[in-house]
Amino acid sequence: MSYLKQIGYRAFYLLFLIGWIPLTLSAQTVWIKNEHNPVMGGDVFNGIPAAKPFVIEDNGLFRLFYDIWDMNSKKAISEALSFDGVQWYQLAGSPLLTAGGNGSFDEEGLSKACVIKDGEGYKMYYYSEHTDTHAIGLATSVDGRHWSKYHDNPIIIRGEAGSWDGAGVWAPMVIYDGIGHYKMYYQGFDGIYASVGYAISSDGINWEKFAGNPVLYHGGLGQFDELTSGEPNVVYAAGRYHMFYTSTNSAIRNKIGYAYSDDGITWTKYSGNPVLDADEYSLDWDRKSVASPSVIYKDSVFHMWFLGWSGSQAVNIGYATSNLYLTDVRSTMQYEYQLGQNYPNPFNSGTLIKFNVPRAGHVVFKIYDILGKEITTLVNDKRGAGDYTVHWDAE
C-alpha cells in the first residue's frame, strides 16, 4: 500500500489582453494518486496480476475490465466490481473472454478491453495478442456478463505495408453518443513508432478509418512520447474531448500524456506533459512505469485507473483523481506573453505565478476552471514591459 502522493498542482491560467486575438492555447491536468494504491493486482489479490484497466459506471457500480493471464499463459479479459472505485471485488469463475481457437486472429490471447453500452446491450472491443496480426475484435452481450465474439472478427485490421498502422492496430477506445454515432480511437504501429488513429461507424461493427490518420502523432526526438503515443482513452466532458494516452520514450519508459480537442479530430498535446509519471527513486509499486489510463468524468472530477509496474513481476492497477483547468494565452501581434511555472508546486493554499509582458499595455490575468467558471482575477491594470510575480490564494 503506497503513501498519498501528489504529482503536482499546476493551475491553468487565462492571460487575456483586452481587444487582442488568440495566438496560443494549452491545457493541463493535476493528478493525485490515491493513498490506498494499488487498488487491484498482484499486491492486493494473492499475487494475481491485473493489467490494462477499463472502467465504466453501470447501474450504480463501477465495473473494471482488465487483463489477466489464463492457465495457458495467454491473456484474457476478467472483471471486478466496486462501489467507490477504490475497493474492488473480483468476479468468481472463468474470465469473461478468452483466447480463440487455433487459426483464429486472437488465438494467442486478447487484451485492452473497451466496453460500451448501446441500444442493443453491451459491446466489448479488444485487440489480439498475435504478434503477426495485431487487429481489433468485437464481442457482444445482452446482460454484460455473457459474451459472444463477433462471427466476422476482426473488425479493424492493420493498414498497408509502410503506412502509419501497417504493422498492427490495437488498444481500441470507443465513444457512443446515444444516437447512432460511434467513434473509435486506436493505436497504430508502423514498425518503429506508434500513434493514435480515428475511425467512425454507424453500427459499432463496420468501421471507416479517417483519411487524415493519425490524429495524434508520436513525439519528436528526445520527447517523453518519442516512440509511442498510444493506448488512447477519450472522454467528452464540459464541451471538449480529453485524451489520456500511454507514451514511450527512447529509454522505454512509460508515462501518461494528455491532449485535448474541440472536434475529436484535431488534437493539441498539453505543453507540460506528461501528466502522470512513475517515481523511479521511490520504492513504490509503480516506480518504473505508468500506462494504460482509463478515465471517467464524474461529479466535476476526472477519475483515472492506470497500470503500474515496479520492475518486478508484479503488475498492478492504481487510481488517481484530478480537476481540470484551462490555460489560454492571447495577444495581438507577434509578441509572446509568457507564463512561468508556479511555485511552490505542489501547494496547499497559496502559490506564486510568474509572467512576462513584452510590451506595455493593459493586462487582465484570470483563472478559470474547465467549465468556464471564473475563479478569480489576479491582475487587471496597466503594466509596463517586464517580469512580474503574482500571488494566488487558492483557498
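Details of the structure are given in the entry above.
The following paragraphs examine the structure supplied in this document.

**Quick look at the pattern of salt bridges**
Part 1 of the argument: This structure, assessed with the given rule, holds 17 salt bridges.
Part 2 of the argument: Measuring nitrogen to oxygen at the nearest pair gives 2.8 Å for the salt bridge that ties D106 to K149. Of the two residues, D106 is situated in the loop between β8 (88-90) and β9 (110-118) and K149 in strand β12 (residues 148-149); the sequence distance between them amounts to 43 residues.
Part 3 of the argument: Take K149: its relative accessible area is 30%, and that puts it in the partly exposed class.

**Structural notes on the packing of aromatic side chains**
Part 1 of the argument: For the coordinates displayed, the defined rule picks out 21 aromatic pairs.
Part 2 of the argument: The interplanar angle of 45° and the centroid separation of 5.8 Å between the aromatic rings of W170 and F189 together place this pair among those described as tilted. Within this pair, whereas W170 is found in strand β13 (residues 168-176), its partner F189 is found in strand β14 (residues 182-189), the two being separated by 19 residues in sequence.
Part 3 of the argument: For W170, a relative accessible area of 13% translates into the label buried.
Part 4 of the argument: A residue is classified by how much of its surface remains accessible, and F189, at 24% relative accessible area, is partly exposed.
Part 5 of the argument: Between the aromatic rings of F224 and Y245, the centroid separation amounts to 6.2 Å while the plane-to-plane angle is 45°, which identifies the pairing as tilted.

**Things to note about the sheet that holds strand β11 (residues 136-141)**
The pairing of strands in a sheet happens through backbone hydrogen bonds and is either parallel or antiparallel.
Part 1 of the argument: Spatial strand order, β9-β10-β11-β12: four strands in an open sheet with antiparallel pairing. Edge positions in the sheet fall to β9 and β12, since each of these pairs with one other strand and no more.
Part 2 of the argument: When β9 meets strand β10 (residues 121-128), the two strands line up antiparallel, connected through seven bridges. Looking at β10, one finds that I116 is bridged to K123.

**Brief notes about the nonpolar core**
Across soluble globular proteins, nonpolar side chains have a tendency to be buried as a group.
Part 1 of the argument: Core analysis: the largest hydrophobic core is formed by 48 residues, its most contacted members being M124, Y125, M184, Y185, W207 and W267.
Part 2 of the argument: Contributing elements (two or more residues each) for this core: β5 (51-58), β9, β10, β11, β13, β14, β15 (194-201) and β18 (240-248).
Part 3 of the argument: The greatest single-element share of this core, amounting to six residues, is contributed by β13.
Part 4 of the argument: One finds V235, I256, A278 and F302 within the second-largest nonpolar core, a separate group that totals 18 residues.

**A closer look at the pairing of β10**
Part 1 of the argument: Among the eight residues in β10, eight count as buried, and that is most of the element.
Part 2 of the argument: Where β9 hands over to β10, the hairpin turn is made up of two residues, counted between the paired strands.
Part 3 of the argument: Two strands pair when backbone bridges link them, and β10 and β11 are joined in this way by six bridges, in the antiparallel orientation. In the sheet register, K123 faces β11, and the bridge partner there is T140.

How each quantity is defined
- Residues numbered from 1 in each chain as written.
- Predicted model: local features only at pLDDT ≥ 70, side-chain atom pairs only at ≥ 80, totals over all residues.
- Heavy atoms only, no water.
- Salt bridge = Lys/Arg side-chain N within 4 Å of Asp/Glu carboxyl O.
- Helix = DSSP H or I, 4+ residues; strand = E, 2+ residues; numbered from the N terminus.
- Buried < 20%, exposed > 50% of the residue type's maximum accessible area, 1.4 Å probe, protein only.
- Phe/Tyr/Trp six-rings, centres within 6.5 Å; stacked < 30°, edge-to-face > 60°.
- Pairing = 2+ DSSP bridges.
- Core = buried A, V, L, I, M, F, W, Y, C linked by side-chain atoms within 4.5 Å.

So far we have only geometry, and geometry alone does not tell us how the molecule works.
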